[in-house]
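# Structural overview for review
Chain by chain, the residues run as shown.
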Amino acid sequence: MSNQVLPLSVPSPAPYISVVIPVFNEEDNLSELGDRLMRTLSAMDRAFEIIFVDDGSTDRSWQLLSGLNRQHPQNIRALQFHRNFGQHQAIFAGFQAARGQVMVTLDADLQNPPEEIPRLVAKLEEGYDTVGGWRENRRDSVFRKFPSMLVNYVMSRVTGVKLRDYGCMLRAYRREVIDSINQCHESSSFIPALANLFSQKVAEIPVGHAERERGQSKYGLFKLLRLNFDLMTGFSNLPIHLVGFMGVAIALLGLFFGLFLFIRRIFVGPEVGGLFTLFAILFVFVGLNTLGLALIGEYVGRIYREVRQRPRYVIRQTLGPDS
Ligand code: UDP
Ligand code: MG
């Protein structure tokens, strides 16, 4: 992966806020986004940087980002992927480059209003590790909202942190959380869920959501399915467990059926042709097979978890002579 950082003409002081924005073919939104971000962040009276990560755009996005960097060399940085690696990889790259104490992510398509950033940061400063936005009036189709409902439910169960809106990328994180995320080298991941693994105190505040006015959503049905599947398999072995349960259920069904046929044979006599007995036996074996598959899956899942090498724990503080 070669990514290029536009040089900052004057080394600027370490920023307090880093805003990280993944960009994939957003030429129609970037100048308005740049303006609104600059206006909002300048008003906050804190040193800030905005890091745009161009995720392999094929339109004029990169030219526009270079333009923004030339206009505001102190505050706007841009990285460029040489092909499309996906939204979450782009955010990872932005996190690696970010220098702030507080990190904010948002989408480039203006669906997340940049004007909400001060509220997120203020909430974070109340002592939270992560502050998520939840889209009170979400302006998306039912087709987009339904998978989100499912994800919110599963992720709340799996990570043990109940959030209303895992999909909202308008979020703020403390540096410590991002440092932990930076130690995760997995090729497919989902940042809000990952952040929760490393956050002790998580808050959620309602934020605005606008319709996408220009450009198209980058998530077609297939990409959405893949993202959600990544999420399920990346954070839990639930799918494998379900297969295992299914195997046990089928085997038991076959067993009971066989038992039923056996008893029936004693009282009523053999059934014609023995077809049902065959079915019963088949069921038992299909069930055992499925269970075996799930067991293998479980081990592969564990290997996968090891291979990902996520940090297994994060030490927040140490007291005593070593600290
Ligand atoms: N995005 C990206 N790489 C991708 C897909 C999307 O960087 O492969 C960016 C996109 O430019 C936008 C954000 O991720 O800033 C969210 O994408 P989009 O608005 O298309 O998603 P939706 O709002 O439909 O969920
Ligand atoms: Mg969008």
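Note that this is a predicted model, so its numbers are computed, not measured. (Residues numbered from 1 in each chain as written. Chains lettered and ligands numbered in written order. Predicted model: local features only at pLDDT ≥ 70, side-chain atom pairs only at ≥ 80, totals over all residues. Heavy atoms only, no water.)

### With respect to the coordination of the magnesium ion (ligand 2)
- Within the first shell, the magnesium ion (ligand 2) binds the protein through Asp109 (OD) and Gln111 (OE1), at distances of 1.9 Å. With respect to class, aspartate 109 is no different from glutamine 111; both count as buried. (Donors = N, O, S within 2.8 Å, 3.2 Å for Na, K, Ca; no water. Buried < 20%, exposed > 50% of the residue type's maximum accessible area, 1.4 Å probe, protein only.)

### So, helix H4 (residues 117-125)
- Three or more residues of H4 are buried, namely Ile117, Leu120, Val121 and Leu124. Each buried residue of H4 sits inside an arc of 95 degrees when the element is viewed along its axis, so together they form one side.
- Looking at the buried residues of H4, the elements they touch are strand E2 (17-23), helix H1 (30-43), strand E5 (102-105), strand E6 (130-135), strand E7 (171-174) and strand E8 (202-207).
- Glycine 127 occupies a position one or two residues after H4 and carries a positive phi of about 120 degrees. (Helix = DSSP H or I, 4+ residues; strand = E, 2+ residues; numbered from the N terminus. Arc of directions from axis to C-beta. Contact = heavy atoms within 4.5 Å.)

### Quick notes on the site of ligand 1
- Looking at ligand 1, there are 18 residues lining it, with Asp55, Asp109, Arg144, Ser217 and Lys218 nearest.
- Here glutamine 87 contributes a backbone N or O atom positioned 3.4 Å from a nitrogen atom of ligand 1.
- When the free accessible area of ligand 1 is taken as 530 Å², the share hidden by the protein chains comes to 96%.
- When its residues are assigned to classes, the shell around ligand 1 shows five nonpolar, five polar and eight charged. (Near = heavy atom within 4 Å. Polar contact = N/O pair within 3.5 Å; in protein donor to acceptor, adjacent residues only side chain to side chain. Areas by Shrake-Rupley, 256 points an atom, 1.4 Å probe, with all protein chains shown as cover. Nonpolar A, V, L, I, M, F, W, Y, C, P; charged D, E, K, R; others polar.)

### Some words on the packing of helix H9 (residues 238-267) against helix H10 (residues 275-308)
- Where H9 meets H10, the closest approach of the two axes is 7 Å, and the angle between their N-to-C directions is 160 degrees. Here H9 is positioned roughly antiparallel relative to H10, judged by the angle of their axes. With respect to the hand of their crossing, H9 and H10 are arranged in left-handed fashion.
- When its residues are assigned to classes, the contact of H9 with H10 shows 19 nonpolar, nine polar and one charged. (Axes fitted to C-alpha atoms, helices over the stretch in contact; angles between N-to-C directions. Parallel < 35°, antiparallel > 145°, perpendicular 65-115°, else oblique. Left-handed = near helix turned anticlockwise from the far one by under 90°.)

### With respect to the packing of helix H5 (residues 142-159) against helix H8 (residues 221-235)
- At a closest axis distance of 11 Å, the pairing of H5 and H8 adopts a crossing angle of 5 degrees. One way to sum up the angle between H5 and H8 is to call them roughly parallel. Counted together, Phe143, Arg144, Pro147, Val151, Val154, Met155 and Val158 of H5 and Leu221, Leu224, Asn228, Leu231, Met232 and Phe235 of H8 form the full contact between these two elements.
- Here the contact of H5 with H8 is composed, by residue class, of eleven nonpolar, one polar and one charged.

### Some words on the side chain of aspartate 55
- Structurally, aspartate 55 can be placed in the loop between strand E3 (48-54) and helix H2 (61-71).
- Within polar-contact distance, the side chain of aspartate 55 engages the side chain of asparagine 84 at 2.9 Å.
- Within the structure, the side chain of aspartate 55 is placed 2.9 Å from the backbone nitrogen of glycine 86, a separation counted as a polar contact.
- Excluding residues within four positions of it along the chain, aspartate 55 makes contact with Val23, Phe24, Phe81, Arg83, Asn84, Phe85, Gly86, Gln87 and Ala90.

### Some thoughts on the pairing of E7
- Relative to E7, E5 runs antiparallel, the two sharing four bridges. In the sheet register, valine 102 faces E7, and the bridge partner there is arginine 174.
- The pairing of E6 with E7 spans three bridges and is classified as antiparallel. Counterpart to valine 131 in the pairing with E7 is alanine 172. (Pairing = 2+ DSSP bridges.)

### Digging into H9
- Look at H9: 43 Å from first C-alpha to last across 30 residues, which is about the 44 Å you get at 1.5 Å a residue.
- Along H9, the residues classified as buried are Gly244, Gly247, Ala251, Gly254 and Leu261.
- For H9, the elements touching its buried residues are H10.
- Phi turns positive one or two residues past the end of H9, at glycine 269, with a value near 110 degrees. (Expected span 1.5 Å × (residues − 1).)

### Description of the pairing of E3
- Most of E3 is tucked away: seven of the seven residues are buried.
- With burial as the criterion, each face of E3 is covered, one bearing Phe48, Ile50, Phe52 and Asp54 and the other bearing Glu49, Ile51 and Val53.
- The sheet contact formed by E2 and E3 spans seven bridges and is parallel. In the sheet register, serine 18 faces E3, and the bridge partner there is glutamate 49.
- Regarding topology, H1 serves as the crossover connection from E2 to the parallel E3, and that connection is right-handed.
- Two elements, E3 and strand E4 (residues 76-80), share five bridges in a ladder whose sense is parallel. In the sheet register, isoleucine 51 faces E4, and the bridge partner there is arginine 77.
- Handedness of the crossover is the feature at issue here: the chain leaves E3, passes through H2, returns alongside E4, and the resulting connection is right-handed. (Right-handed = clockwise from strand over helix to strand, strands pointing away.)

### Digging into the packing of aromatic side chains
- Tallied over the full model, the rule gives four aromatic pairs.
- Seen in terms of ring centroids, phenylalanine 95 and tyrosine 173 are 5.9 Å apart; in terms of plane orientation they differ by 85 degrees. Their pairing is edge-to-face. Linking phenylalanine 95 in helix H3 (residues 87-97) with tyrosine 173 in strand E7, this pair joins segments that are 78 residues apart in sequence. When sorted by exposure, phenylalanine 95 lands in the same class as tyrosine 173, which is buried.
- Look at phenylalanine 257 and phenylalanine 260: their rings are 6.4 Å apart centre to centre, the planes differ by 10 degrees, and that puts the pair in the stacked class. Taken as a pair, phenylalanine 257 and phenylalanine 260 lie in helix H9 at a separation of three residues, close to a single helical turn.
- On the basis of relative accessible area, phenylalanine 260 is assigned to the partly exposed category, the value being 48%. (Phe/Tyr/Trp six-rings, centres within 6.5 Å; stacked < 30°, edge-to-face > 60°.)

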